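Structural overview for review
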Amino acid sequence: MQTIDNFNFAGKKAIVRVDFNVPLNEEGKITDDTRIRGALPTLKKILNDGGALIIMSHMGKPKGKVNAKYSLSQIVDAVSAALGVAVKFAPDCAKAADAAAALKPGEVLLLENLRFYPEEEGKPVGIEKEDPAYEEAKKAMKASQKEFAKTLASYADCYVNDAFGTAHRKHASTAVIADYFDADHKMLGYLMEKEVKAVDNILKDIKRPFTAIMGGSKVSTKIGIIENLMDKVDNLILCGGMTYTFAKAQGGHVGQSICEEDKLQLALDIIAKAKAKGVNLVLGTDCVAADAFSNDANTQVVPANAIPDGWEGLDAGPETRKLFANAIKGAKTILWNGPAGVFEFDNFTAGSRAIADAIAEATANGAFSLIGGGDSVACINKFGMADQVSYISTGGGALLEAIEGKILPGIAAIRGEE
Ligand code: AMP
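A brief structural summary. (Residues numbered from 1 in each chain as written. Predicted model: local features only at pLDDT ≥ 70, side-chain atom pairs only at ≥ 80, totals over all residues. Heavy atoms only, no water.)

What to know about the site of the ligand
With respect to spatial proximity, 14 residues lie near the ligand, and among them Ser 217, Lys 222, Gly 313, Glu 344 and Asp 375 are the closest. At 3.3 Å from a nitrogen atom of the ligand is found a main-chain nitrogen or oxygen belonging to Gly 241. Here an oxygen atom of the ligand sits 2.4 Å away from a polar atom, N or O, in the side chain of Glu 344. Protein chains bury 82% of the 510 Å² of accessible surface belonging to the ligand in isolation. (Near = heavy atom within 4 Å. Polar contact = N/O pair within 3.5 Å; in protein donor to acceptor, adjacent residues only side chain to side chain. Areas by Shrake-Rupley, 256 points an atom, 1.4 Å probe, with all protein chains shown as cover.)

Below you can see the structure in the form of C-alpha cells.
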C-alpha cells in the first residue's frame, strides 16, 4: 500500500479529501479550527515536497443544493493563513478542471462544498424509499456518482484521503474516487494514519488489562460496540443513562431515570455474556439522584437500584466512582466513549471527572488511552485534560463503526479491500 511518507509529490497535483466541516458563527466566522489544524501535516508535506494541492471537503448538510450558508468560500482566508499560501477558490467543484490545470507547484485550490451536488452522497433526491421508482432512481444516481467522482479524479495525479470523520461513508470523494487511481497513486493522509493506528491499538495490538468505558444515554446506540468489545476487554464499565436500564432489568427501582423499557432483556443478555466470557462487567452501585433534570435540582445519593419516585439518576455516586477508578487505574489499554452522567450540568460531572482522572493516571503510568465519539471528547475538553490522554479521535460515527469492527469504506477504498 502506498504511504504519504514514501510518496514524492514534487511536480504532482494531489487531490486531498479533508474534513473542513468547521463550525461557523452567525457572521460566518470559524469558532473552532481544530479540523483545519488536523489536516495541516498532510497538506504541508505535499506543498513542501513541491506538489500542488487541490483540497476538497463537505460542510454541513446542504442536501445536494447550492446554499451560501454552507459555502467553503467562507474559510478561504483561514485556510490561507494556516498554510501560509494564498488559497485559490473554485466556486463549482465539478467545473474546476481549468483552475486545477493552471495550478503550479506550491499552489493551492480549494473546491466549493462537495455536498452542493447530490452525487457526492449518492442518494437519489426528491423520491421516497417507498416509491416503486426508487430502485431505478438509485441506480441512476450511482452511475452519476461515478461520473462525478471521475471528474474530481481527473483534476489530479494522485489522491489522498485525510477525512476520518467521513471515512464510514461511501461517498464520491471519500471512496468512489479511489477507483480512478492505481494503488501507487492513492494513500491515507497523516491524520487518517493516526486514527487507524489508534483503533488498531485497541482492537489488535492490545496490551492488557484492557478496560473499556461505555457511557452516554442509551444502551441501544452502543450495543454493536459493546458486543464487539466483549470479545476483547478484561473490564467493561457501563455507565451514564445505561445504568438504569441494567438496574431495572435486574429488578431494581429507577424512579424517573432514563430507562429503555424495551432493552431490559438485552441488558440481561449482556450481563450473561460478560459472565460467560469472563469479562469483569462494572455497573454503578450508587448514583446522584436529582428531583428535576436541571443543574440546580435538589440531589441525594441513593443506590442505583432504589431510586425514589420523582427522582432520576443523573451522575455516578461516590462508591461507583471508586469502583470505576479501580478498574481503570491498573489498565494498560483504555477506551472511553460516553460520559458517566449529565456532564453538561456542572453539578453532575463527578462521575465523568473520576473516570478522566483515573485515565490520566493510567496514561501517566504507560497505558494507551483512546477517547472518542462525541460527548466524551467534549467532556475531556471541559475538564481541560486533553493533553493527559494518549489519543483523542476526531471521528464520531467513523470511530464508533471502526470499534464495532466494521470496515470503513474510506479506508477500504485506499487499501483495495471490499
Ligand atoms: P451519547 O450521545 O449516547 O454518548 O450520550 C451522551 C449524553 O448522555 C450526554 O448528553 C449526557 O448528558 C447524557 N447522559 C449521561 N448520563 C445520563 C443520565 N444519567 N441521564 C440522562 N442523560 C445522561
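Brief notes about empty space enclosed by the protein
Inspection of every chain in the model, using the stated rule, returns two cavities of 30 Å³ or more. Forming the boundary of the largest cavity are Val 18, Asp 19, Arg 35, Gly 38, Ala 39, Asp 162, Ala 163, Phe 164, Gly 165, Leu 191 and Thr 394. Grouping the amino acids of the lining of the largest cavity by side-chain chemistry returns five nonpolar, three polar and three charged. Considering the residues around the second largest cavity, the lining is formed by Cys 239, Gly 240, Thr 243, Tyr 244, Gly 284, Asp 286, Cys 287, Asp 315, Ala 316, Thr 320, Phe 324 and Ala 340. Among the secondary structure elements, those contributing two or more residues to the lining of the second largest cavity are α8 (242-249), β11 (286-290), β14 (312-316) and α10 (318-329). (1 Å grid on protein atoms, 1.4 Å probe; cavity = no way out; pocket = protein on both sides within 12 Å on 5 of 7 lines; lining within 4 Å. Points joined across faces, edges and corners; volume = space filled by probe spheres on them. Nonpolar A, V, L, I, M, F, W, Y, C, P; charged D, E, K, R; others polar. Helix = DSSP H or I, 4+ residues; strand = E, 2+ residues; numbered from the N terminus.)

Let's talk about the sheet that holds strand β1 (residues 13-17)
The six strands lie next to each other as β3-β4-β2-β1-β5-β6, forming an open sheet whose pairing is parallel. A strand with exactly one partner marks an edge of an open sheet, and here the two such strands are β3 (88-90) and β6 (186-188). Between one strand axis and the next, the sheet turns through 25° on average, direction left out of account. Of the pairings in the sheet, the one linking strand β5 (residues 158-161) to β6 comprises three bridges and is parallel in character. The residue bridging Val 160 from the neighbouring strand is Met 187, located in β6. Relative to strand β2 (residues 52-56), helix α1 (residues 34-49) is tilted by about 155°, and along the sheet it contacts β1, β2, β4 (108-111) and β5. Contacting β2, β3 and β4, helix α2 (residues 76-83) crosses the sheet at an angle of about 140° to β2. (Pairing = 2+ DSSP bridges. Axes fitted to C-alpha atoms, helices over the stretch in contact; angles between N-to-C directions. Contact = heavy atoms within 4.5 Å.)

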